[in-house]
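An overview of the molecular structure
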2 protein chains.
Amino acid sequence: MKENTAGSLVLPVAPTRGRLRPLGLDEVRITGGFWARRRHTNESATLGHCRDWMERLGWTGNFRAAAAGRIHRDRRGREFADSELYKLLEAMAWQAGTAGTLDTDIAALTEAVAPAQEPDGYLNTAFGHPGQQPRYSDLEWGHELYCHGFLIQAGVAQARARGEGELTKIARRAADHVCATFGRGGIEGVCGHPEIETALVELARLTGEQRYLDQAALFVDRRGHGTLADSEFGRVYYQDDMPVRRATVLRGHAVRALYLAAGAVDVAVETGDDDLLDAVVRQWEATVARRTYLTGGMGSHHRDESFGDDFVLPPDRAYSETCAGVASVMLSWRLLLATGEPRFADLAERTLFNVIATSPAEDGRAFFYANTLHRRHRGAVPAVDAVSPRAESSLRAPWFAVSCCPTNVARTLALLPAYLATADDHGVQLHQYADAEIATLLEGGQGVALRVRTDYPSGGSVTVRIDRSSSNRPWTVALRVPAWTAGATAWLVDPDGTRRTVAPGMTEVTRSFRPGDQIRLELPVRPRWIRADPRADAVRGTVAVQRGPLVYCAESVDLPDGQDVDVIRVDPSIAPEDGPDGTVVTAGQITAYDVQRDETWPYRPLDVPAAPPSADRTGIVLVPYHSWANRGPSTVRVWLPAVEPDRPAPPDSTPTGR
Amino acid sequence: MKENTAGSLVLPVAPTRGRLRPLGLDEVRITGGFWARRRHTNESATLGHCRDWMERLGWTGNFRAAAAGRIHRDRRGREFADSELYKLLEAMAWQAGTAGTLDTDIAALTEAVAPAQEPDGYLNTAFGHPGQQPRYSDLEWGHELYCHGFLIQAGVAQARARGEGELTKIARRAADHVCATFGRGGIEGVCGHPEIETALVELARLTGEQRYLDQAALFVDRRGHGTLADSEFGRVYYQDDMPVRRATVLRGHAVRALYLAAGAVDVAVETGDDDLLDAVVRQWEATVARRTYLTGGMGSHHRDESFGDDFVLPPDRAYSETCAGVASVMLSWRLLLATGEPRFADLAERTLFNVIATSPAEDGRAFFYANTLHRRHRGAVPAVDAVSPRAESSLRAPWFAVSCCPTNVARTLALLPAYLATADDHGVQLHQYADAEIATLLEGGQGVALRVRTDYPSGGSVTVRIDRSSSNRPWTVALRVPAWTAGATAWLVDPDGTRRTVAPGMTEVTRSFRPGDQIRLELPVRPRWIRADPRADAVRGTVAVQRGPLVYCAESVDLPDGQDVDVIRVDPSIAPEDGPDGTVVTAGQITAYDVQRDETWPYRPLDVPAAPPSADRTGIVLVPYHSWANRGPSTVRVWLPAVEPDRPAPPDSTPTGR
């Protein structure tokens, strides 16, 4: 790892050291395509949607009520409702940094928040006021440090994107309060929900103040020593079961585990604690190898929103919380900057296209909280004006009682350009593909600019055109060849027209570039059958389809006669093919189950032959998973049962009925 | 349905009408074998174990504290802790009815409870006292009517088993209070947890008081009209989503759904409401056909302890709560009495041997709360002196914070003889097989007695010997030929030695029996492979073994070198065979997974060939599921992956690596 020399200041994550240097939102612009459309929706619809809901539900009013001394009576929403306002402020700051029109909203919301801050910097509307529980009386469930963390991140975002302002000052006062209260000699505790760790490190990076970093390191070190009370879900729920550096895999509540891991990486990078960094890398490896859905989604269980044991990855009621996707990308990004290894960008890409892009509706005004891989009942359309249970609705809902996901999606889309590319001493690395313009200063002040044009992810052609190279010194453009190309052939075409096959990983072109030089990467985007490790019990005997980075799914609205997706069987011996409008068509059959003539008991001796249900061979239409549930109530499945291969004759066949 | 003429009074369930008449605990005795051993353990260990835990945790003391006016300060345990004492009292009453030694304990516990009853009959230590929430201020979660229900059942049990006493009087006063408070013109509500319905009907049966039945009918009718507040889990959680008679399947919290259905059957039978009875039968059919585990277990989800959608039956973290098993047997028994159909006894048998028998440890001092069909981690041995989380321990635990299951097992084992046999105008029906002595009076006062001898469930030979037949009038002995015999051959040997094959269902021998006459039923107990409906996604590609009524499982303690059950593959083309000591041995293989050399990502394109892990063919030892986890920490699985049959070659095979 080396020191990062100063580059852009408009950085969501700005480590002082690392293998790669992040580029700022003033250095990378997304100019078109898949993510530009989503960022446009985010700016034009989602941000206002979130602001209006929080105003309407009284979550914004909580701050006014706290300032007016009537919060014990009037408080609305769950204990962590404050944090949603902060996440929205962060989203607005990053979006304003690239779009510049949101300053008025930021100022108005900041004005609502500010009077609620206590003289000592404490800011929380759920605790500590007359008639409420005392401050920090419920570290397990109170979320006070969690809320302070998001406040700090919003303050950092404002400082970096728009220049230090009132929100930054509020954030610094809050951070000072946290350090004074939880520093050495203070409360020997941690928050039930990690988040403050990564926030304090980023504030240390912004301000250069060592004590914020020290406090973050203290929180990371303190965790795992049982300072939190045991709960029905065990201390593992909030990762207080063992110290971070001793753990071998992520476990417990997925969002908590991932936020904590992100904060641990931040601490490790800033303190040069390679043991800690290695520990998190090992946890990431084990988690990705055995506890991650095909979509990149993490967290298997609804109860306690937790990771499952190894290979417990049921598509039915996969929890795969949107916020766990956000947190996973946060973690992968930090590990990518620290190590430069493309595997982290591979997982981020998968998660962005199949979790983050899945959560918001096309109009940006409804969201999935959980992103299941198999839904068996259509369910009703959630009301547009009502709060929904967080993980039960079968369609995207406008808002939730626990509404962490909408604002988390909003801030992720707002800062997304920062995830596209990095720089190092040798040049620029492209990690994610989108129409974009990138300009930065390389080592020694060499100014470079490049323009990316691509039809990704529906197409696999990526053209990088050099727009500027301020000197003749050779430099390198590195491009990630995604891991999903394994077993197929990817090509790179040099500026001089030379064409070569490239393997998964980073591929590089180094030369004395001239404006107009073009590099072309041809990625083999075609639908392919995917199968899971045989230990992933819940998907045995099924296959899925992936096309480029996109996971596909069968959705009931594409089946005749209102049939459900559970009637589908596919034939993995025939390759899936591209269909019209971004669909994929596979060979398969529709099984005629007759619910009225169901068996009375769903288990049958193997030695009693059953007449298989009749089945018609047909093409099965699949759509990108992120696009599902935009055409009314439907059922969905990602893992598709294969038509059964011929079995050996069962033993002792006796044709005597059931 | 016909009127039940008076028979025994020692009846857990005593409908005034029905196709079959139950026999009392003074008419059926279990004299040996599988259930006799368990009932002995129940009497000699479990009852005292439960009593001691409740004394130690202060749950018994709650009643004393309520009487002394200090309950608001001193109350211990969850809001439904009172009910555990009542369930224990019920267990003691039934057990005393057959064993006769527990009267002192019953008197002592009753003496503890009695002073806490309010002058108007209300009895609950969690509500209504100074400093507590008001009575019935939280019908959704407060469990006050639920507790009253179990109190009433205990009072009924005492009256029936030992004669009316103090406990019965307390119960009647409580029931009068419930009717006064929730009757017409009173609170228009229902309890979040059904239970009171079946209790009130049984009290009506005991006392002949119509108003108890009316109140039960009112509770059943009121449910489903949204009188309970919506919750995070929806109103479906407490079956308040639709009226009982409109529902088509059991749904929501499994124990609640099953208790409610049992109460609805009771009401339907007593009021002649055939529509309601038919509705519950249909719900039972749909639930058994699509929402029940191979073990008979019900309830798929840990979160909200609820039924899954149709065919959502993951063996991983199957919830299959012990109390849902108890409640399912309660429901099946009531439906069997009402209709006479053997399918209800089939399910009860499956549930008794594979859920009820699984919960208690061999020593009767530890219990499973959830009965998963697949556990992947060994976990630690729960401390013998600590309360455990209810559904997380990998071994049986002595007691739980929510400890409904131990006392529910205790009362079920105590009243078990009542589930064995019934009578009707024509004779006696044997529904469950155990060494037993049965004596009753048939229509017209004909006294009959029979003795059952069997090695069931390890063997399939059942001998019924007539001990008495007080007249020459012909009568009928009917024997259930279990549904699990389908596809194999069961034999019946008449008293005169005639041997005939019999099909699943009831088989009858009618004659003018003489003492010494013997009937022999030969059931084909041998291990058989079982497969699931193809829509049960989570077990696709696996098979299970059933032998007679017993489901078998692989347990890691039977594998070499401390290996985990997930390395097992079995070969369904070779029939499983009996092994020593009640085990079954199947052909299979042990797969050599090397966790250290894991793939980095568990999904792989089908067109990229993978070298299969090496595997050694070997015999796999299986044990009865009910017996697992009695030999130290282990992992378990019921559904065993089949060795993969040869697949067609994958499309576009490109041997270019991953």
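Residues numbered from 1 in each chain as written. Chains lettered and ligands numbered in written order. Predicted model: local features only at pLDDT ≥ 70, side-chain atom pairs only at ≥ 80, totals over all residues. Heavy atoms only, no water.

Re the packing of aromatic side chains
All names here are of chain A. Note the threshold: Aromatic pairing here means that ring centres of Phe, Tyr or Trp (its six-membered ring) are within 6.5 Å. Orientation follows from the plane angle: under 30 degrees is stacked, over 60 is edge-to-face, and everything else is tilted. In this description a helix means any DSSP run of H or I spanning at least four residues, a strand means any run of E spanning at least two, and both kinds are numbered starting from the N terminus. In this scheme, a residue with accessible area under 20% of its type's maximum is buried, one over 50% is exposed, and one in between is partly exposed, where area comes from a 1.4 Å probe on protein chains only.
Counted by the stated rule, this structure contains 51 aromatic pairs over all chains. For the pair Tyr122 and Tyr136, a centre-to-centre distance of 5.6 Å together with 90° between the ring planes defines the contact as edge-to-face. Here the residue Tyr122 occupies a position in the loop between helix 5 (103-113) and helix 6 (144-162), and Tyr136 occupies one in the loop between helix 5 and helix 6, the gap between them amounting to 14 residues. Considered together, Tyr122 and Tyr136 belong to a single accessibility category, that of buried residues. Each member of the aromatic cluster is reached from another via a ring pair, and the members are Phe34, Trp35, Phe353, Tyr433 and Tyr456.

What about the interface of chain B and chain A?
Note the threshold: For this analysis, residues touch if any pair of their heavy atoms sits within 4.5 Å. For salt bridges, the criterion is a side-chain nitrogen of Lys or Arg within 4 Å of an Asp or Glu carboxyl oxygen. Counted as a polar contact is a pair of N or O atoms within 3.5 Å, where, for protein atoms, one must be capable of donating a hydrogen and the other of accepting one, and residues adjacent in sequence contribute only when both atoms are in side chains.
Opposite the 75 residues of chain B that make contact, chain A presents 75 residues. Inspection of the chain B/chain A interface yields 8 salt bridges. Close ionic contact of Asp607 of chain B with Arg526 of chain A constitutes a salt bridge, the shortest N to O distance being 3.5 Å. Linking chain B with chain A are 21 residue pairs in polar contact (both at pLDDT 80 or more), by the criterion used here.

Side note on the sheet that holds strand 14 (residues 505-511) of chain B
Residues and elements named next belong to chain B. This is how it is decided: Here a strand pair is declared whenever DSSP counts at least two bridges between the two strands.
Read from one edge of the open sheet, 5 strands run 3-6-7-11-14, paired in mixed fashion. The sheet terminates laterally at strand 3 (21-22) and strand 14, the two strands that pair on one side only. Relative to strand 14, strand 11 (residues 475-481) runs antiparallel, the two being bridged by 7 bridges. By the bridge assignment, Val477 is partnered in strand 14 with Val509.

Re the side chain of Arg222 of chain A
All names here are of chain A. Tracing the chain through its elements places Arg222 in helix 9 (residues 210-222). Within the local environment of Arg222, its side chain forms a polar contact with the side chain of Glu188, the two groups lying 3.5 Å apart. Aside from chain neighbours lying at most four places away, what touches Arg222 is Phe182, Gly183, Ile187, Glu188, Gly189, Val190, Gln215, Thr227 and Asp240.

Considering helix 11 (residues 274-290) of chain A
Residues spaced three or four apart along an α-helix point in a common direction, a consequence of the helix completing one turn every 3.6 residues. Residues and elements named next belong to chain A. Stated precisely, the cut-off is as follows: Helix span is expected to be 1.5 Å times the residue number reduced by one.
Along its 17 residues, helix 11 runs 24 Å from first to last C-alpha, staying within 8% of the 24 Å computed at 1.5 Å per residue. Burial of helix 11 is extensive: 12 of the 17 residues sit out of reach of the surface. Buried residues along helix 11 sit against helix 9, helix 10 (254-271), helix 12 (322-339) and helix 13 (342-356).

Let's talk about the domain arrangement of chain A
Residue and element names in this part refer to chain A. As a reminder, the rule being used: Domain start and stop points were drawn from an automatic or database domain assignment.
According to the domain assignment, chain A contains domain 1 (10-368 + 384-419), domain 2 (421-522) and domain 3 (527-641). Spacing between the C-alpha centres of domain 1 and domain 2 amounts to 32 Å. On the side of domain 2, 24 residues touch domain 1, which itself brings 26 residues to the contact. Run the count over domain 1 and domain 2 and you get 4 salt bridges. Glu349 is paired through a salt bridge with Arg480; the nearest N and O atoms lie 2.7 Å apart. On inspection of domain 1 and its partner domain 2, the count reaches 15 residue pairs in polar contact (both at pLDDT 80 or more). The set of elements that each furnish at least two residues to the side of domain 1 that touches domain 2 consists of strand 3 (21-22), strand 4 (28-32), helix 1 (34-57), helix 12 and helix 13. In terms of residues, the side of domain 1 that touches domain 2 owes the most to one element, helix 13, which gives 7 residues.

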